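So the chains spell out like this:
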Amino acid sequence: MNKKLAAALSGGAVLVLALSGCSDDEGDKVGDWAKAFCDQAKPQIQKRADAHQIIISTAADSKPAEIQAADSKAFQDIADADRALAKAVESAGAPPVANGEKVKQDAIKELNATAAAYEGLKKQVDALDPANQQKFADGLQGVADGLTKIEKMDQAALSKLEEGELGQAMAKQPGCQKPKASVPANGTGSASPKAGGTAEGSGDAAKPSAKSEDKSSDKPSEKAPEKASDKPAAAKSEE
């Protein structure tokens, strides 16, 4: 049943940061800003990675109540992490690049908007009735659809920070490196999102849809193994 969310994660960007590349050209100010931000961002990127792991690795044949509890907690954790990342950007100040103040304000605005969207998903999954398996499965499909849309917001949230010399400077910082999920894989569909939380899709990733899959596969009593690989690292990069 939870494979719908795993498929959503594996089909889009779920991490905030997935930086790559490096350069020796950035000035000290740029490097200092990157360190100030990444030092604060590190635990939040890890938190996002763990939350995405919980969603992906929750067994497809788990009881509806177990899926509901796991997904609800994961969505709230991601929302909390995004708000903390917004505060980290604010604390670091305007980056020393062209239009730095706008870059800062845009990142803060988008991260807070993404956090609110994840909180909306939490409310949506909390409202599902785990006592009715079929309705729960149908409702979970709606949650998965919403997650797919939010991933696009995740992808854009820090995109400006990841550009040019600023992105190169951040890529050098340990705090902005792709973490490994610390939550152990569980159930039939486990995966380890790269870089703080995005899920990179692969040919092996499960991609069920409401139109193409049999409703019976959503029932908790039947196993539906899936392989979800990452693309969050929730941006190009992890949120």
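Everything quoted here is computed from the prediction, not taken from an experiment. (Residues numbered from 1 in each chain as written. Predicted model: local features only at pLDDT ≥ 70, side-chain atom pairs only at ≥ 80, totals over all residues. Heavy atoms only, no water.)

1. Things to note about helix H4 (residues 100–126)
Because the α-helix completes a turn every 3.6 residues, residues three or four places apart line up on one side. Test applied: A run of DSSP states H or I qualifies as a helix once it reaches four residues; a run of E qualifies as a strand once it reaches two. Both are numbered from the N-terminal end. In a helix, the anticipated span is given by 1.5 Å times the number of residues less one. The cut-offs for exposure are 20% and 50% of the maximum accessible area for each residue type, with area from a 1.4 Å probe on protein chains only; residues under the lower value are buried, those over the upper are exposed, and the others partly exposed.
Along its 27 residues, H4 runs 39 Å from first to last C-alpha, staying within 8% of the 39 Å computed at 1.5 Å per residue. Buried within H4 are the following residues: Gly100, Val103, Lys104, Ala107, Ile108, Leu111, Thr114, Ala115, Ala117, Tyr118, Leu121 and Val125.

2. Side note on helix H3 (residues 64–92)
Between the first and last C-alpha of H3 there are 42 Å, a value that for 29 residues agrees with the 42 Å anticipated at 1.5 Å per step. Just past H3, the residue Gly93 takes up positive phi, approximately 85 degrees.

3. So, unusual backbone geometry
The phi torsion at Asn99 lies on the positive side, around 55 degrees, for a residue other than glycine. Using a relative accessible area of 60% as the deciding quantity, one classes Asn99 as exposed.

4. Observations concerning the environment of Asp50
Along the chain, Asp50 turns up in helix H2 (residues 28–57). For the pair Asp50 and Asp77, spaced 27 residues apart in sequence, the C-alpha to C-alpha distance is 8.9 Å.

5. With respect to the nonpolar core
Heads up, the rule is: By nonpolar core is meant a set of buried Ala, Val, Leu, Ile, Met, Phe, Trp, Tyr and Cys residues that side-chain atoms within 4.5 Å join together.
The biggest cluster of nonpolar side chains holds 23 residues, and the ones touching the most others in it are Trp33, Phe37, Val89, Leu111, Leu158, Leu161 and Met170. Going through the elements one at a time, H2, H3, H4 and helix H6 (164–172) are the ones with two or more residues in this core. Top element by residues in this core is H2. It accounts for seven residues. Core analysis: the next-biggest nonpolar cluster, separate from the first, contains 20 residues, Ile54, Ala79, Leu147 and Ile150 among them.

6. Looking at the state of the cysteines
Convention followed: Disulfides are defined in this document as cysteine sulfur pairs within 2.5 Å.
Applying the stated criterion across every chain yields a total of one disulfide. Covalently, Cys38 is tied to Cys176 through a disulfide, its sulfur atoms 2.1 Å apart. One disulfide, between Cys38 and Cys176, carries an S-S torsion of -95 degrees and so falls in the left-handed class. Separated by 138 residues along the polypeptide, Cys38 in helix H2 and Cys176 in the segment after H6 bring together distant segments of the chain.

7. So, the side chain of His52
What counts is decided by this rule: By the criterion applied in these results, polar contacts are pairs of N or O atoms within 3.5 Å in which, for protein atoms, one can donate a hydrogen and the other can accept it, and in which residues neighboring in sequence qualify only through two side-chain atoms.
Mapped onto the elements, His52 comes out in helix H2. Accessibility expressed as a relative area gives 0% for His52, which makes it buried. Among the polar contacts made by the side chain of His52, one reaches the main-chain carbonyl oxygen of Arg48 at a distance of 2.9 Å.

8. Focus: the packing of aromatic side chains
To describe a pair of aromatic rings, one takes the distance between the centres and the angle between the planes. As a reminder of what qualifies: Working definition: rings of Phe, Tyr and Trp (its six-membered ring) pair if their centres are within 6.5 Å, and the pair is stacked with planes under 30 degrees apart, edge-to-face with planes over 60 apart, and tilted otherwise.
Applying the stated criterion to the full structure yields two aromatic pairs. Seen from their ring centres, Phe75 and Tyr118 are 6.2 Å apart, and the 35 degrees between their planes marks the pair as tilted. Here Tyr118 lies in helix H4 and Phe75 lies in helix H3, a separation of 43 residues in the sequence. A residue is classified by how much of its surface remains accessible, and Phe75, at 0% relative accessible area, is buried. We classify Tyr118 as buried; its relative accessible area is 0%.

9. Some details on the confidence of the model for the protein
Going by this rule: For every residue, the predictor reports its confidence as pLDDT, a number between 0 and 100. Pairs of residues are marked as contacts when any of their non-hydrogen atoms sit within 4.5 Å.
Looking at the protein, pLDDT values average 73 and 63% of them are 70 or higher. Mean pLDDT in the protein bottoms out at helix H1 (residues 3–11), which sits at 60, and peaks at H3, which reaches 95. Scored below 50 in pLDDT, residues 11–16 makes 56 contacts in the model with residues more than four places away or belonging to other chains. In the model, residues 187–239 has pLDDT below 50 throughout and makes 220 contacts with residues more than four positions away in sequence or in other chains.

10. Observations concerning the pattern of salt bridges
Condition: The salt bridge definition used is simple: a Lys or Arg side-chain nitrogen within 4 Å of an Asp or Glu carboxyl oxygen.
Applying the stated rule across the entire model yields seven salt bridges. For Asp82, the salt bridge identified is with Arg48, shortest N-O distance 2.6 Å. Taken together, the residues span a long stretch of sequence, with Asp82 in helix H3 and Arg48 in helix H2 at a distance of 34 residues. We note that Asp82, like Arg48, is buried. Between Lys73 and Asp77 there is a salt bridge, and its shortest N-O distance comes to 2.7 Å. Remark: Asp77 and Lys73 occur in helix H3; sequence separation between them is four residues, near one turn of the helix. Exposure remark for Lys73: the relative accessible area of 48% places this residue in the partly exposed category. On the basis of relative accessible area, Asp77 is assigned to the buried category, the value being 13%.

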